[in-house]
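# Working through the structure, step by step
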Amino acid sequence: MMVWGVSAVYFILGWIFFTRTFRLYALVSSLLLAIALHNVLQSQLLVMLYLAILAVAFFTLLLLKRSPDKKGTLYFSVPCWLLIATVIINVFF
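Report on the accompanying structure. (Residues numbered from 1 in each chain as written. Predicted model: local features only at pLDDT ≥ 70, side-chain atom pairs only at ≥ 80, totals over all residues. Heavy atoms only, no water.)

## Considerations on the pattern of salt bridges
Test applied: Think of a salt bridge as a Lys or Arg side-chain nitrogen and an Asp or Glu carboxyl oxygen that are within 4 Å of each other. Here a helix means four or more residues in a row that DSSP labels H or I, a strand means two or more in a row labelled E, and each is numbered from the N terminus. Residue exposure (1.4 Å probe, protein chains only): buried if accessible area is under 20% of the type maximum, exposed if over 50%, otherwise partly exposed.
Applying the stated rule across the entire model yields one salt bridge. With a shortest N-O distance of 3.6 Å, Asp69 and Arg23 are connected by a salt bridge. Of this pair, Asp69 sits in helix α4 (residues 68-92) while Arg23 sits in the loop between α1 (2-19) and α2 (24-39), and the two are 46 residues apart along the sequence. The class for Asp69 is partly exposed, based on a relative accessible area of 40%.

Structure below.
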């Protein structure tokens, strides 16, 4: 349940602060975040690390002087990289 809540908050914050329009890649990105978090639920350290990465990305992008559309693209690409990291972690450990 926590996974879906985090994904929903992630989507809503990205929509409010960056895109302001419905984008399919934003919805897919939120689903990828849910998958990534679900796959690392066995390790509290990884969950906290992933949430910290998301928070740092969010606040960094808020401070950048870029167009909201470019910020949205970067913001919604972070879960893709987290899912790639999750797959690598699960394969090697």
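Continuing now.
## With respect to the environment of Ala26
The test is simple: Contacts were defined at the residue level, with two residues in contact if any of their heavy atoms lie within 4.5 Å.
Within the element layout of this structure, Ala26 appears in helix α2. Separated by 13 residues in the primary sequence, Ala26 and Asn39 have C-alpha atoms spaced 20 Å apart. Excluding anything up to four places from it in sequence, Ala26 contacts Phe11 and Phe76.

## Some details on the packing of α1 against α4
Under the convention used in this document: Every axis in this analysis is a line fitted to C-alpha atoms, fitted for helices over the stretch in contact. Angles between the N-to-C directions lie between 0 and 180 degrees. Angular relationships are summarised with four words: roughly parallel below 35 degrees, roughly antiparallel beyond 145, roughly perpendicular across 65 to 115, and oblique for the angles in between. Take the far helix as your reference; a near helix turned counterclockwise from it by less than a right angle gives a left-handed crossing, and one turned clockwise gives a right-handed crossing. Polarity classes work like this: nonpolar for Ala, Val, Leu, Ile, Met, Phe, Trp, Tyr, Cys and Pro, charged for Asp, Glu, Lys and Arg, and polar for all others, with Gly in that last group.
Remark: α1 packs on α4, axes separated minimally by 9 Å, with the N-to-C direction vectors making an angle of 160°. As judged from the angle between their axes, α1 and α4 are roughly antiparallel. Seen from above, α1 lies across α4 with right-handed handedness. Here Tyr10, Phe11, Leu13, Gly14, Trp15, Phe18 and Thr19 of α1 come into contact with α4, specifically with Pro68, Asp69, Lys71, Gly72, Tyr75, Phe76, Val78 and Pro79. Of the residues belonging to the contact of α1 with α4, the class tally is 10 nonpolar, three polar and two charged.

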